[in-house]
Every structure is written in structure tokens, then in C-alpha cells.
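Here is how the chains run, residue by residue.
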There are 2 protein chains.
Amino acid sequence: MPSGECRGQGWWHGKFRGCGYRLTLGREAILDILSKAEGHLSAEDIYIKVHPKYPNIGLTTIYRTLDVLSNLGMVYKLDFGDGRARYELAEGPKGAHHHHHLVCTGCNRVVDYTDFIDEEVELLQQTEKGLGKKYNFKINNHVIQFYGLCDKCSGNK
Amino acid sequence: MPSGECRGQGWWHGKFRGCGYRLTLGREAILDILSKAEGHLSAEDIYIKVHPKYPNIGLTTIYRTLDVLSNLGMVYKLDFGDGRARYELAEGPKGAHHHHHLVCTGCNRVVDYTDFIDEEVELLQQTEKGLGKKYNFKINNHVIQFYGLCDKCSGNK
DNA sequence: CTCCTTAATGAAAATGGTTTCCATTATTAA
DNA sequence: TTAATAATGGAAACCATTTTCATTAAGGAG
Ligand SMILES: [Mn+2]
Ligand SMILES: [Mn+2]
Ligand SMILES: [Zn+2]
Ligand SMILES: [Zn+2]
């Protein structure tokens, strides 16, 4: 992880500032796709979306950039059990929009939800605090996913 | 998924009953390992533990058996981000011992915790109920994992 | 603006966990 | 015991991700 500064015009440029990462066309393209297409994109999904406009950006760069973004905390790397990692922006230009996931094990549909977050947030903070103290962990992230069958898939059975 | 009955002496035989699965040496060996070695074993871990006693059980069978057990709900398939699936028994002979995980992103250490489960359980039930109704999901499982740095790893930084 | 250092990149090859194939074996019901 | 077929193992295939390495280009210095 290098150190230094950089400049640019996108909202994410500030995030790079102070981390010494160079601002390249590829990285901008990938961040652009991620900030527009909301959802849960795989590396290949991103590649396919980026390719028409920037045909010279390879899959390898997608993976490398996602790794950087993930380490910077700008992107969440998710696993929904379909054999490939999926990525989503941790927060948009307007700020955080933290949410959890509801995954259908039948058709792999994923629902973002922010409902019930009030009680959840409270409990999570308590839990993080308690666990951190008890196990001497510096907790900085969590994953909460519910698995089940969506209406269509439970109807099929 | 076949149908029928089966017999045996292990506590898990009952689980197989009514599902039509045949009770084989390999499956017993794998369940045996899982019930003894608590932890989070990869398919290869299990293979290595099973091999000395049953050298003729292949990795393929390990994977297939874990898949069956996972579908039966007898085993949880977990992802801690280290590139391989890990498995743990959903419950032992004495009953359930549901827990959540605390994962160190520095050294990959995983802590099982059951503390704070009381409030968690209550909230989870509420949440599952609410989400299920709102999104028409039949929720039957959840994953909760906290990520952070353990004492050793946060000291290193 | 030009030069220089070195981070970033792309294409191809390698990796490695998991799955598939298929001929053979073993479990179970009859 | 026998027949039907589920289960198995070894090898090959799969395929998402990583590594290699020669080439390009971002960005600071001057
Ligand atoms: Mn999401
Ligand atoms: Mn565990
Ligand atoms: Zn579904
Ligand atoms: Zn650690």
C-alpha cells in the first residue's frame, strides 16, 4: 500500500487521496459501473459492462481493482453461495446505505433490506462491543444474511 | 432425493431415516469425524482425517457426502473467505448448539460464540418473521459473522 | 513540458477447490 | 439370492481467481 496524494473529479477520488493509489481509467470505469448499476455484480458482470466502452481493460484488472477497493473498504465482497464472489459499493456519493441480505436458495435471488435495521443496529452495536471486549477483537465489519425460499420457489415445491 | 427407510446405530441414522439415503461406511466415517473434531473443517481436512482409517474413501465422496448432509440440514457449509468451504455439524447428539462466528481477517482464526445469543435470538426471530412476511420468503437459516482483527493481529499493526 | 521511477496493466499460463464422467461396487428391498 | 439402482473412486474437466512477466502509463521532480 503506497502513500501520497492524487486528484480527480469523481466523488470517490477523495477516497483514494492519501492512500497513494494512482487514479487510472480502469479504476474509474469500474467505480462508475459499480455506482450506477446497483445490485450484486460478479467480476465478470463488471467486465462485460465495462468492456463496450473500454475494450482494453482486462478481467485481471477488474479483479485487482476490486481487491484494492475491498481493502479500502469502498466495496463489499459478498458470497451468496453461487460459486463466484459478488461486489457492491459500500456507500454512494450521498453516504452510507448499509443493508443486509435475504437470499433465495432456490433461484439465487437476493433482496436487500434495510427494514428492522433500527433494532438490529442497536443489537449489533451492543454485540460488537461485548464480543470485542470479551475476545479482544477489533471488530470492523459484519455479514448478516438470511436464507430461505422466495414466494416463487416455495410455490414450486 | 430417494425415499424409503434405513437402520443403524449412530445418532445420525435417525436423520437419514425417511430420506431414503443409504447408510454407507463413507458417510458414517465422515459424520464420525465431524462429530468428534469440532471446528471448521474443509473437505480436504476431513479427507485427511478419514484417510488413515478408511484409505479407500476418496475426496469426491467427501464432497458428495457433505453436499447431502448440507441439503439435509445436518451440516452447515461456511465461507470464511479463505478460498475453501468449511463445514460444521449443525447439531450434535445432545441437540442443537447454534452459534455465530467471529473471524479474524488477519490470521483467519475463527471464534465460535454463543454469548449475547439471548437478545440475538429474540431479534432474529422477530426479524425473520417480519422479513418473511414482507418479502414473502420462507426463511429457514441465517448467517451472522463479525469480521475484525484478533488481539495478536491488531497488535501486529 | 519532459524525464524518471515504479505502480498498473493485459495476455497467457498456472492454480486449486470443486464437479463431472463413467465404469465398478455395494446397499437395500423384494 | 437377486435385481435395481444408489454410491463410489480415480481421472479428467471445470472455472473462478491468481500469478507471471514484459509493457504501459500515472504522477512527482525538475
Ligand atoms: Mn446488497
Ligand atoms: Mn462454528
Ligand atoms: Zn427463489
Ligand atoms: Zn488474527
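Asker: Please explain the relation of the copies chain B and chain A as it appears in this structure.
Answerer: Here two copies of a chain appear, and what relates them is a rotation about an axis with a shift along it. For the pair chain B and chain A, the best superposition has an RMSD of 0.1 Å and corresponds to a rotation of 180° with a translation of 0.0 Å parallel to the axis. The relationship between the two copies is best expressed as a two-fold rotation axis. The C-alpha atom lying nearest the rotation axis in chain B is that of Ile 144 of chain B; the distance is 2.3 Å. In this assembly, 100% of the residues forming the interface of chain B have copies in chain A that are likewise at the interface, indicating an isologous arrangement.

Asker: Mind showing me how you'd approach the protein's contact with DNA strand C here?
Answerer: The environment of DNA strand C is made up of 20 residues, and the closest members are Asn 56, Thr 61 and Arg 64 of chain A together with Tyr 63 and Arg 84 of chain B. When atoms of DNA strand C within 4 Å of the protein are split into backbone and base, the sugar-phosphate part holds 65%. Take Thr 60 of chain A: an N or O atom from its side chain is 3.5 Å from a base nitrogen of DNA strand C. Between DNA strand C and Arg 64 of chain A there is a distance of 2.6 Å, counted from a base nitrogen to a side-chain nitrogen or oxygen. Sorting the residues of the surface near DNA strand C by element identifies α4 (59-71) of chain A together with α4 (59-72) of chain B as the ones contributing at least two each. For the surface near DNA strand C, a count of residues per class yields five nonpolar, seven polar and eight charged.

Asker: Even after reading the chapter, I still don't get the packing of helix α2 (residues 25-36) of chain B against α4 of chain B, so can you show me in this structure?
Answerer: For any two helices packed against each other, one specifies the crossing angle of their axes together with the interaxial distance. All names here are of chain B. Axis separation between α2 and α4 bottoms out at 10 Å; the angle between their running directions is 70°. With respect to α4, the element α2 is oriented roughly perpendicular. Contact residues: Arg 27, Ile 30, Leu 31 and Leu 34 in α2; Thr 61, Ile 62, Thr 65, Leu 66, Val 68 and Leu 69 in α4.

Asker: Explanation requested: the sheet that holds strand β3 (residues 86-89) of chain B in the structure shown.
Answerer: Hydrogen bonding along the main chain pairs the strands of a sheet, whether they run parallel or antiparallel. Residues and elements named next belong to chain B. With antiparallel pairing, the three strands of this open sheet are ordered in space as β1-β3-β2. In the strand order of this sheet, the two ends are held by β1 (41-42) and β2 (75-78), each with one partner. Bridge analysis of β2 against β3 gives four bridges, and the strand direction is antiparallel. Residue Lys 77 lies in a different strand from β3, and its bridge partner there is Tyr 87.

Asker: Whenever I open this one, the coordination of the zinc ion (ligand 3) confuses me. Can you help?
Answerer: As a benchmark, a tetrahedral metal site with four donors has ideal angles of 109.5 degrees, while an octahedral site with six donors has ideal angles of 90 or 180 degrees. All names here are of chain A. For the zinc ion (ligand 3), the protein coordination sphere consists of Cys 104 (SG), Cys 107 (SG), Cys 150 (SG) and Cys 153 (SG), at 2.2 to 2.3 Å. Considering all four donor atoms around the zinc ion (ligand 3), angles at the metal cover 105 to 114° and the coordination shape is tetrahedral. Every donor residue of the zinc ion (ligand 3) comes from the same chain, spaced as C-x2-C-x42-C-x2-C. With Cys 104 in strand β6 (residues 100-104) and Cys 153 in helix α6 (residues 151-156), this pair connects stretches of sequence that are 49 residues apart. The class for Cys 104 is buried, based on a relative accessible area of 0%. Residue classification places Cys 153 among the buried positions, given a relative accessible area of 13%.

Asker: What is the right way to look at the protein's contact with DNA strand D in this model?
Answerer: Around DNA strand D, a shell composed of 19 residues is seen, among which Tyr 63 of chain A together with Asn 56, Ile 57, Thr 61 and Arg 64 of chain B lie nearest. Protein-proximal atoms of DNA strand D, defined as those within 4 Å of the protein, fall in sugar or phosphate at a share of 65%. The backbone of Leu 23 of chain A places a nitrogen or oxygen atom 2.7 Å from a phosphate oxygen of DNA strand D. In the model, a sugar or linking oxygen of DNA strand D is placed 3.1 Å from a nitrogen or oxygen of the Arg 22 of chain B side chain. Listed by contribution, the elements that provide at least two residues to the surface near DNA strand D are α4 of chain A together with α4 of chain B.

Asker: Which parts of the structure should I look at to understand the pairing of strand β3 (residues 86-89) of chain A?
Answerer: Residues in a regular strand project their side chains so that they alternate between the two faces of the sheet. Residues and elements named next belong to chain A. Covered by surrounding structure in β3 are Arg 86 and Glu 88 together with Tyr 87 and Leu 89, the residues of both alternating faces. As paired strands, strand β1 (residues 41-42) and β3 are joined by two bridges and run antiparallel to one another. Within β3, the position partnered with Ser 42 by the bridge is Arg 86.

Asker: Is there a simple way to think about the domain arrangement of chain A in this case?
Answerer: Size of an interface, as often reported, equals the accessible area lost when the parts are brought together. All names here are of chain A. Here chain A is partitioned into domain 1 (1-94) and domain 2 (97-157). Domain 1 puts eleven residues into the contact, and the matching count from domain 2 is eleven residues. Interface of domain 1 and domain 2: buried area, both sides summed, is about 760 Å²; carbon and sulfur atoms make up 51% of it. When the area that domain 1 buries against domain 2 is broken down by residue, the three leading residues are His 40, Tyr 76 and Phe 80, summing to 54%. Inspection of the domain 1/domain 2 interface yields zero salt bridges. Between domain 1 and domain 2 we count four residue pairs in polar contact (both at pLDDT 80 or more) in total. Broken down by secondary-structure element, the contributors of at least two residues to the side of domain 1 that touches domain 2 are β2 (75-78), β3 and β4 (91-92). Of the residues belonging to the side of domain 1 that touches domain 2, the class tally is five nonpolar, two polar and four charged.

Reading guide: rules and limits
- Residues numbered from 1 in each chain as written.
- Chains lettered and ligands numbered in written order.
- Predicted model: local features only at pLDDT ≥ 70, side-chain atom pairs only at ≥ 80, totals over all residues.
- Heavy atoms only, no water.
- Least-squares fit on C-alpha atoms with pLDDT ≥ 70 in both.
- Contact = heavy atoms within 4.5 Å.
- Near = heavy atom within 4 Å.
- Polar contact = N/O pair within 3.5 Å; in protein donor to acceptor, adjacent residues only side chain to side chain.
- Helix = DSSP H or I, 4+ residues; strand = E, 2+ residues; numbered from the N terminus.
- Nonpolar A, V, L, I, M, F, W, Y, C, P; charged D, E, K, R; others polar.
- Axes fitted to C-alpha atoms, helices over the stretch in contact; angles between N-to-C directions.
- Parallel < 35°, antiparallel > 145°, perpendicular 65-115°, else oblique.
- Pairing = 2+ DSSP bridges.
- Donors = N, O, S within 2.8 Å, 3.2 Å for Na, K, Ca; no water.
- Tetrahedral: all angles 85-135°; square planar, octahedral: opposite > 155°, others 65-115°.
- Buried < 20%, exposed > 50% of the residue type's maximum accessible area, 1.4 Å probe, protein only.
- Domains from an automatic or database assignment.
- Buried area = accessible area lost by both parts, 1.4 Å probe.
- Salt bridge = Lys/Arg side-chain N within 4 Å of Asp/Glu carboxyl O.

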